[in-house]
Amino acid sequence: MKRDFLAVTDFSKEEIYETFRIAKQLKADVKAGKEHHYFANETMSMVFAKPSLRTRVSFETGMVQFGGHALYLGPNDISIGKRESVKDISQVISRYNNWIMARLFKHEHMLEMAKYATVPVINGLTDYNHPCQIMADMLTIYEHHGKVEGQKVVFIGDGNNVCNSFLNFASVIPYHFVLAAPEGYDPDPETLAKAQAAGLSKIEVVRDPIEAAKNADVLYTDVWTSMGQEAERQKRLDDFDGFQINAGLLSHAKSDALVMHCLPAHYGEEITEDVLDGPNSVVFDEAENRMHAQKAVMVMLAKSGGADIKI
Ligand code: CP
Ligand code: NVA
């Protein structure tokens with residue numbers, strides 16, 4: 001049986017911690033020059049309907065480190081849903097490759113891809129969520145603060161795909177998640193309701209970034225205009241005025257607060273350059289951890305599918 005990773009909630013609490021353990025081991029091994037060709041001669045199609053730096057490079061490099069090969073299929077190569085249906089694309093790729101990683105606009109397309117694929121599908125971002133990002137982010141918090149449970153993570157900005165994945169994580173592992181967003185930029189209501197109903201985490205949606213930042217263990221942000229929303233850019237610049245992570249806002253957080261951003265960053269908009277490059281920032285550890293976390297997710301999926309991997 002193949003297993004997919006389409007949302008953080010696809011993994012149990014125990015599986016998330018096991019993913020972190022494997023990621024840390026894989027990271028240490030990469031740094032020690034130790035190779036694990038768990039997926040020797042296997043191939044992955046990476047389907048991108050949107051641009052990417054981290055997701056593409058981390059998956060492609062990770063696949064090579066596993067002894068396999070990844071193929072990049074860019075927005076103009078397949079034209080998902082236009083040149084060919086999602087159903088046909090996923091069935092065709094499944095005949096060539098052992099893995100599919102996809103970055104798509106519509107989340108329904110991701111679900112459809114997983115439904116028709118006979119190989120594991122990994123979600124590399126949709127308009128709805130970004131689970132690989134949150135696995136890397138939480139791994140980064142775990143490494144720097146020694147725990148994720150009970151951490152106060154304050155997301156300043158848009159209740160977007162990254163924010164929805166933080167809420168999904170809150171349904172599985174208890175922590176304190178606060179979104180400070182302007183009116184009209186709340187997260188997906190169903191995802192918020194589910195995370196609250198799970199009753200594990202303290203979850204708040206507030207309008208005042210300064211109040212939110214008080215006592216924060218993590219200050220997190222993402223772009224105000226996500227991929228696909230470019231036409232709204234000016235309105236968003238106006239609406240998010242005051243929702244910037246800068247030295248002033250950071251001064252309200254705990255002194256050892258981590259500054260995080262999934263990147264790409266727009267300096268002077270959601271974050272200032274001095275803070276992103278400052279002593280509290282772990283932004284590049286976070287970016288690096290994309291690769292280690294995703295490789296661990298792959299190991300977890302392969303083991304669920306019966307692969308005999310001992311790590
Ligand atoms: N954070 C992230 O997903 O980066 P890319 O869009 O560059 O892949
Ligand atoms: N919210 C951003 C994340 C980029 C990694 C976007 O969807 O463009």
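Residues numbered from 1 in each chain as written. Chains lettered and ligands numbered in written order. Predicted model: local features only at pLDDT ≥ 70, side-chain atom pairs only at ≥ 80, totals over all residues. Heavy atoms only, no water.

## Some points on unusual backbone geometry
Cis geometry marks the peptide bond from leucine 263 to proline 264, where omega comes out at 5°. Structurally, proline 264 is set in the loop between strand 9 (258–261) and helix 12 (273–276). Residues other than glycine seldom take positive phi values, yet asparagine 215 does so here, at roughly 70°. With respect to the helices and strands, the residue asparagine 215 is situated in the loop between helix 9 (209–213) and strand 8 (218–221). (Helix = DSSP H or I, 4+ residues; strand = E, 2+ residues; numbered from the N terminus.)

## Remarks on the site of ligand 1
By nearness alone, every residue bordering ligand 1 is listed as Ser52, Leu53, Arg54, Thr55, Arg103, His130, Gln133, Cys262, Leu263 and Arg290. Between ligand 1 and leucine 53 there is a distance of 2.6 Å, counted from an oxygen atom to a backbone nitrogen or oxygen. Its free accessible area being 260 Å², ligand 1 has 95% of it covered by the protein chains. Classifying every residue of the shell around ligand 1 gives three nonpolar, four polar and three charged. (Near = heavy atom within 4 Å. Polar contact = N/O pair within 3.5 Å; in protein donor to acceptor, adjacent residues only side chain to side chain. Areas by Shrake-Rupley, 256 points an atom, 1.4 Å probe, with all protein chains shown as cover. Nonpolar A, V, L, I, M, F, W, Y, C, P; charged D, E, K, R; others polar.)

## With respect to the pairing of strand 9
Burial along strand 9 is two-sided: Leu258 and Met260 facing one way and Val259 and His261 facing the other are all buried. Examined bridge by bridge, strand 8 and strand 9 share four bridges and lie parallel to one another. Within strand 9, the residue paired with leucine 219 across the bridge is valine 259. (Buried < 20%, exposed > 50% of the residue type's maximum accessible area, 1.4 Å probe, protein only. Pairing = 2+ DSSP bridges.)

## So, the pattern of salt bridges
Taken as a whole and assessed by the stated rule, the structure comprises 20 salt bridges. With its nearest N and O atoms 2.9 Å apart, the salt bridge here joins aspartate 217 to lysine 254. Taken together, the residues aspartate 217 in the loop between helix 9 and strand 8 and lysine 254 in the loop between helix 11 (247–250) and strand 9 connect sequence positions 37 residues apart. What makes aspartate 217 buried here is its relative accessible area of 7%. Residues aspartate 239 and lysine 235 are paired through a salt bridge, measuring 2.8 Å at the closest nitrogen-oxygen approach. A residue pair is termed a helical-turn pair when its members lie 3 or 4 positions apart in one helix, as aspartate 239 and lysine 235 do in helix 10 (residues 233–239) at four residues. Looking at aspartate 239, the relative accessible area reads 25%, which means it is partly exposed. When its relative accessible area of 53% is taken as the criterion, lysine 235 is described as exposed. Within the structure, one salt-bridge network assembled from shared partners comprises Asp158, Glu232 and Arg236. (Salt bridge = Lys/Arg side-chain N within 4 Å of Asp/Glu carboxyl O.)

## A short note on helix 13 (residues 283–304)
Across its 22 residues, helix 13 extends 31 Å between first and last C-alpha, which sits within 8% of the 32 Å expected from 1.5 Å per residue. With 16 of its 22 residues buried, helix 13 lies for the most part within the structure. Glycine 306 lies just past helix 13 and shows a positive phi near 105°. (Expected span 1.5 Å × (residues − 1).)

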